[in-house]
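# Summary of structural features
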Amino acid sequence: MGEFVSSAPQTRNQHAIDAGIDHITLSVGDARARAAEFVDRYGFRVIAAGDTPEFTAVAVRQRDIVLVLLEGRTDDHPATLFTARHGDGVSGIALLVDEPEHTVLEAFGDVTHTFVSRPVGGPWSLPGIAPVRTEEPEAPARRHLLCVDHIAVCLENGELDRTVETYRRTLGWEVVFEEDIHVGAQAMQSKVVQSPSGRVTLTLLQPMSGAAPGQIDDFLKKHGGSGVQHLAFAVPDIVDAVADLGTTGVRFLSTPATYYENLEQRHGSSGHPVAELREHSVLVDRDHDGELFQIFTRSEHPRRTLFMEIIERRGATTFGSNNIRKLYEAVERQDRA
């Protein structure tokens, strides 16, 4: 099962790799249980599964998002080693390519990229994972998620520029946005790398030297090094999505009521009424291209590391920098709860 086997980093010119994300692998302690959570709470459907002496895997899909929940069954399997060090989390991001590839690129921390080529319209499978037919009826009202908007990555201090250079040199991706973010005495540096078509976007974050320890440092400590902090799922209407997901057990971070005071005067007219944003704790931001709406789930991870973001874009191309402070406040309230 080559897609799940790490190898030494490869230096290659991958400028043609721009077909998007094939799937995201989450190494977990119980593949079937975690798959059931994505099905029951987020409206995914099981599309493939496999049991071998080495691993159990379940692939779930919603529109353009495919997640593979991978459970190692031997002590030396990569998924077993990953969960022992980090707990459940993103261990692989598979990229679509035009030609078959077997190279594995070590991206950051213990996360790897693999390269997958698959025929258009065929059943989804991987070595050891076969397509699954289900009789589950369609439930379109519960299927809000469209695609992976971006993947947020926390890096150890000093790794940011090296990681950016790896993507630039090996995959031909470029930095499309960068900024320094200050929250009181805490501070972080951020650079966003993106494939040329914009189909794959990673927001890379590292603590700023000399600043007080903050939530990036906290993630790195709890996670055991660099890794994926959250997956951002795009939706067409965030108010409808959050209202529906809340009924299925997805728990979101709350936003202080003061955030919405004079919001329209500060922000301008919004695509959603302020009352609806307040009711569902949705954050709003604006850049030179438009506006975006976002909300973050409460982390269900025992280490309180990995979580999800729901995001609606109405032209905006940035990532809600003005809401970082509000996210920090919300996460701190969660950690105190």
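Scroll up for the structure.
Notes on the structure follow.

So, about the overall build of the protein. When helices and strands are counted, the protein shows eight helices and 16 strands. Going through the 337 residues of the protein one by one, you find that 54% of them count as buried. A fraction of 65% describes how many contacts in the protein between residues 6 or more apart in sequence connect residues 24 or more apart. Within the structure as shown, the protein displays about 14800 Å² of accessible surface, and the carbon and sulfur contribution to it stands at 49%.

We now examine helix α2 (residues 78–86). Those residues of α2 that fall on the buried side of the exposure criterion are Ala79, Thr80, Phe82, Thr83 and His86. Buried positions in α2, seen along its axis, are confined to an arc of 165° and lie on one side of it. Of the surrounding secondary structure, the elements contacted by the buried residues of α2 are β1 (21–27), β4 (65–72), β5 (89–96) and α4 (215–223). The positive-phi residue at the C-terminal boundary of α2 is Gly87, with phi of around 80°.

Turning to the pattern of salt bridges, a few remarks are in order. Oppositely charged side chains can form a pair if their charged atoms are brought close together. Evaluated as defined, the whole model comprises 14 salt bridges. Arg73 is the salt-bridge partner of Asp51, the closest N and O atoms lying 3.5 Å from each other. One end of the pair, Asp51, is in strand β2 (residues 45–51); the other, Arg73, is in the loop between β4 and α2, and 22 residues separate them in sequence. Here Arg73 falls in the partly exposed class, since its relative accessible area comes to 47%. Linked through salt bridges whose partners overlap, the residues forming this network are Arg32, Asp51 and Arg73.

For α4, the full list of buried residues reads Gln215, Ile216, Phe219, Leu220 and His223. For α4, the angular spread of buried residues about the axis comes to 145°, placing them on one side. At the exit of α4 stands Gly224, carrying a positive phi of roughly 85°.

It is worth spelling out the environment of Ala57 at this point. Following the sequence through the fold, Ala57 ends up in strand β3 (residues 55–62). Spatially, the C-alpha atoms of Ala57 and Leu69 are 5.5 Å apart, while their sequence positions differ by 12 residues.

Further remarks concern the sheet that holds strand β14 (residues 283–287). The sheet built from eight strands is open, its strands ordered β10-β11-β12-β9-β13-β16-β15-β14 with mixed pairing. Either end of the sheet is taken by a strand with one partner, and the two such strands are β10 (174–183) and β14. Strand-to-strand twist of the sheet, defined as the mean angle between neighbouring strand axes without regard to direction, takes the value 25°. Across nine bridges, the pairing between β10 and strand β11 (residues 186–194) is antiparallel. In the strand pairing of β11, Val175 is matched with Val193. Across the sheet, helix α3 (residues 160–171) is in contact with β10, β11 and β12 (201–207); its angle to β11 comes to roughly 5°.

Moving on, we get to the sheet that holds β3. The eight strands lie next to each other as β6-β7-β5-β1-β4-β3-β2-β8, forming an open sheet whose pairing is mixed. In this open sheet, the two edge strands, each paired with only one partner strand, are β6 (104–108) and β8 (130–131). Relative to β4, β3 runs antiparallel, the two sharing eight bridges. Across the sheet, Arg61 pairs through a bridge with Val66, a residue of β4. Here α2 sits on the sheet in contact with β1, β4 and β5, set at roughly 90° to β4. Contacts from α3 reach β5, β6 and β7 (111–116) within the one sheet, and its direction differs from that of β6 by about 155°.

Okay, unusual backbone geometry next. In this model, Asn262 sits at a positive phi of 60°, which is unusual for a non-glycine residue. Along the chain, Asn262 turns up in the loop between α5 (238–247) and α6 (263–267). Its identity as a non-glycine residue notwithstanding, Ser281 has a phi of 60°, on the positive side. Judged by its relative accessible area of 13%, Ser281 is buried.

Cut-offs used in this document
- Residues numbered from 1 in each chain as written.
- Predicted model: local features only at pLDDT ≥ 70, side-chain atom pairs only at ≥ 80, totals over all residues.
- Heavy atoms only, no water.
- Helix = DSSP H or I, 4+ residues; strand = E, 2+ residues; numbered from the N terminus.
- Buried < 20%, exposed > 50% of the residue type's maximum accessible area, 1.4 Å probe, protein only.
- Contact = heavy atoms within 4.5 Å.
- Areas by Shrake-Rupley, 256 points an atom, 1.4 Å probe, with all protein chains shown as cover.
- Arc of directions from axis to C-beta.
- Salt bridge = Lys/Arg side-chain N within 4 Å of Asp/Glu carboxyl O.
- Pairing = 2+ DSSP bridges.
- Axes fitted to C-alpha atoms, helices over the stretch in contact; angles between N-to-C directions.

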